[in-house]
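Structural description and commentary
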Amino acid sequence: MHINRRQFLTTLGLTTIATQIPPVIAKNSVSNLKPSRLKIGDTVGLISPASIIETQDIEDAKQALQKLGLQIKTGRHILDRYGYLAGKDADRAQDINIMFADQSVKAIIAMRGGWGCNRILPLLNYPLISKNPKIIMGYSDITSLLLAINARSQLITFHGAVATSTWNQFTVDYLKTILFDGELVTMANNATPIGKIEVITPGTAKGKLIGGNLSVLSSMIGSSYLPSWRKNILFVEDIGEDIYRIDRMLTQLKNAGILHQISGFIFGQCTNCKVDDQPAFTLIEVLQQHIKPLGIPAWYGSMIGHISDKFTIPVGVSVEIDANYGRIRMLEAAVI
């Protein structure tokens, strides 16, 4: 039997439609909710909250997750198409709400990024999510979901692999240690050319890790879907952006008062970010111009972003960073 979104919320005993729920902005004094850790045999829900995917993408994701001992459940609208989106906004949001309400689902992983998550933020049922805390993970455009859910539901979320990512040993090791074992991990780059760290300002700092894709984060400024920045660690990453656009987005964060509130800064990888043929700054020069005057520990090059080797970054968890060595040390477990 087909159940529309209004009927679905009614069956959950909710008399207020998600779009009418007033904003709840997370403060540092509010303790974040932690999801339960993953176990062998658990069911993971796959969703398409942004761009279109293909049937083969689901098959590839199933193989990767089954190797981790996980079972798979797919969202009803996972293969929908609506222009360049993976279905209509209400349907994509409904898949997320249903996955959080489904007691058999222990974690939710986005199939891919692209574009579309910002459009569904008003349609998510944040009280429902708070009552059913579980792992939700992705990166790139999924940044919107991770930040909004952390801000409005106080739930720890995870900036990490999407289902169509390269599930190599580096990525899987960090995922298993953090999400399965519940350990306090120190994240350090591997010894490869892409793992080179460039220190902007040396030193150490503590705070909650908040961030994601820089382009997506910038598009959310001024909304009620962002967590508190005060004395927290901002991490960002991006792909395919001209350096002047990185400059523009960091300027926006500065003018919005965000950069002056944070206690530390990490720029992960800026994959295929380039300087055009005109006179220009390098990316490091732009970072030095915006970040170095803040006097906070900061570096470029952490294994975060559109790369094959990825950290699993718990959004909202307290950490200590060491910019001298490019290390992120978790001060609390991300799961229970």
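Below or above, wherever it landed, is the structure these notes cover. The shown structure was predicted, so the numbers you read here are calculated from the model rather than taken from an experiment.

Scoring rules and cut-offs
Residues numbered from 1 in each chain as written. Predicted model: local features only at pLDDT ≥ 70, side-chain atom pairs only at ≥ 80, totals over all residues. Heavy atoms only, no water. Pairing = 2+ DSSP bridges. Helix = DSSP H or I, 4+ residues; strand = E, 2+ residues; numbered from the N terminus. Phe/Tyr/Trp six-rings, centres within 6.5 Å; stacked < 30°, edge-to-face > 60°. Buried < 20%, exposed > 50% of the residue type's maximum accessible area, 1.4 Å probe, protein only. Core = buried A, V, L, I, M, F, W, Y, C linked by side-chain atoms within 4.5 Å. Contact = heavy atoms within 4.5 Å. Axes fitted to C-alpha atoms, helices over the stretch in contact; angles between N-to-C directions.

1. Brief notes about the sheet that holds strand E7 (residues 198-201)
With respect to topology, eight strands assemble into an open sheet ordered E6-E14-E13-E8-E9-E10-E11-E7, the strand pairing being mixed. At either end of the open sheet lies a strand with only one pairing partner, and these are strand E6 (186-187) and E7. With two bridges connecting them, E6 and strand E14 (residues 327-330) associate as antiparallel partners. The residue of E14 that forms the bridge with Met187 is Ile328.

2. What to know about the packing of aromatic side chains
In this description, an aromatic ring pair is defined by two values, namely the gap between the centres and the angle between the planes. One pass over the structure, following the stated rule, counts six aromatic pairs. Ring geometry for Phe267 versus Tyr300: centroids 5.6 Å apart, planes at 45 degrees, classification tilted. Of this pair, Phe267 sits in strand E10 (residues 264-271) while Tyr300 sits in strand E11 (residues 298-300), placing them 33 residues apart in sequence. In this structure Tyr300 comes out as buried when scored by relative accessible area, which is 11%. Each residue in the set Phe170, Tyr174 and Phe311 is aromatic and connected to the rest through ring pairs, giving one cluster.

3. Some points on the nonpolar core
Ranked by internal contacts, the top residues of the largest apolar core, which has 108 residues, are Trp167, Leu179, Phe265 and Ile328. No other element matches the seven residues that helix H7 (residues 169-180) contributes to this core. Once residues lying within four places of it in the same chain are set aside, the contact partners of Ile328 are Val185, Thr186, Met187, Leu209, Ile266, Trp299, Ser302, Ile304, Ile313, Val319, Glu320 and Ile321.

4. Topic: the sheet that holds strand E1 (residues 43-47)
Through backbone hydrogen bonds, the strands of a sheet pair up, either in parallel or in antiparallel fashion. The strand order across the open sheet built from six strands is E2-E1-E3-E4-E5-E12, with neighbouring strands paired in mixed fashion. The open sheet has two edge strands, strand E2 (71-74) and strand E12 (313-315), and neither has a second partner. Each neighbouring strand pair of the sheet contributes to a mean axis angle of 30 degrees, computed without reference to strand direction. Two strands pair when backbone bridges link them, and strand E3 (residues 105-110) and strand E4 (residues 135-138) are joined in this way by three bridges, in the parallel orientation. When the bridges of E4 are listed, Ile109 appears paired with Met137. Packed onto the sheet, helix H3 (residues 89-101) meets E1, E2, E3 and E4 and runs at close to 170 degrees relative to E1.

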